[in-house]
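Summary of the model geometry
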Amino acid sequence: MIQIPTDTYFRAAVTAILARGVSVREFCKITGINRASLSKFLSGPDSGVGVKASWCSALCLHYAASPAFLLMGHGPAFVNMRQ
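Below is a short write-up of the structure.

Parameters and conventions
- Residues numbered from 1 in each chain as written.
- Predicted model: local features only at pLDDT ≥ 70, side-chain atom pairs only at ≥ 80, totals over all residues.
- Heavy atoms only, no water.
- Core = buried A, V, L, I, M, F, W, Y, C linked by side-chain atoms within 4.5 Å.
- Buried < 20%, exposed > 50% of the residue type's maximum accessible area, 1.4 Å probe, protein only.
- Helix = DSSP H or I, 4+ residues; strand = E, 2+ residues; numbered from the N terminus.
- Contact = heavy atoms within 4.5 Å.
- Axes fitted to C-alpha atoms, helices over the stretch in contact; angles between N-to-C directions.
- Left-handed = near helix turned anticlockwise from the far one by under 90°.
- Nonpolar A, V, L, I, M, F, W, Y, C, P; charged D, E, K, R; others polar.
- Phe/Tyr/Trp six-rings, centres within 6.5 Å; stacked < 30°, edge-to-face > 60°.

**Side note on the nonpolar core**
Ranked by size, the top nonpolar core spans 21 residues in total, and within it F10, F27, L38, W55, L59 and L70 carry the most contacts. Looking at this core, the elements that each hand over two or more residues are α1 (5–19), α2 (24–31), α3 (35–42), α4 (53–63) and α5 (67–72). Setting aside its immediate chain neighbours within four residues, W55 contacts F10, I33, S37, L38, F41, V49 and G50.

Next comes the structure, spelled out in structure tokens:
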């Protein structure tokens, strides 16, 4: 599977959120992302699971992720980190 940059940027943003102490369960409950799909995605670039637009939207809405970062890797990952 060819990994697109959005996968890399999304993975970095989620990893930063989880590093702040948010559990995968809590993250998925807040964002509405399927926990099994997210866990498989986070297992690595060869997981066969790619980022969905709805995942990026949820990350922006609930965690103030920067759309420019998620799509192109430009600027800070978060506009104003909540939690």
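**Re unusual backbone geometry**
The phi dihedral of A64 falls on the positive side, at around 55 degrees, and the residue is not glycine. Here A64 shows up in the loop between α4 and α5. The class of A64 is buried, set by a relative accessible area of 7%.

**Side note on the packing of α1 against α4**
Here α1 crosses α4 at 35 degrees, and the two axes come no closer than 11 Å. Crossing geometry of α1 relative to α4 is assigned as left-handed. When α1 is examined against α4, the residues T6, F10, A13, V14 and I17 are found in contact with a partner set consisting of W55, C56, L59 and Y63. Broken down by class, the residue content of the contact of α1 with α4 amounts to eight nonpolar, one polar and no charged.

**With respect to the environment of G32**
Within the element layout of this structure, G32 appears in the loop between α2 and α3. Given the relative accessible area of 63%, G32 is considered exposed. C-alpha separation for the pair G32 and A58, spaced 26 residues apart in sequence, amounts to 7.6 Å.

**Points about the environment of W55**
Inspection of the secondary structure assignment puts W55 in helix α4. When the C-alpha atoms of W55 and C28 are compared, they prove to be 9.9 Å apart, with 27 residues separating the residues in sequence.

**Quick word on the packing of aromatic side chains**
Applying the stated criterion to the full structure yields five aromatic pairs. Seen from their ring centres, F10 and F41 are 5.7 Å apart, and the 70 degrees between their planes marks the pair as edge-to-face. Here F41 lies in helix α3 and F10 lies in helix α1, a separation of 31 residues in the sequence. Three or more aromatic residues joined by ring pairs make a cluster, and in this case those are F10, F41 and W55.

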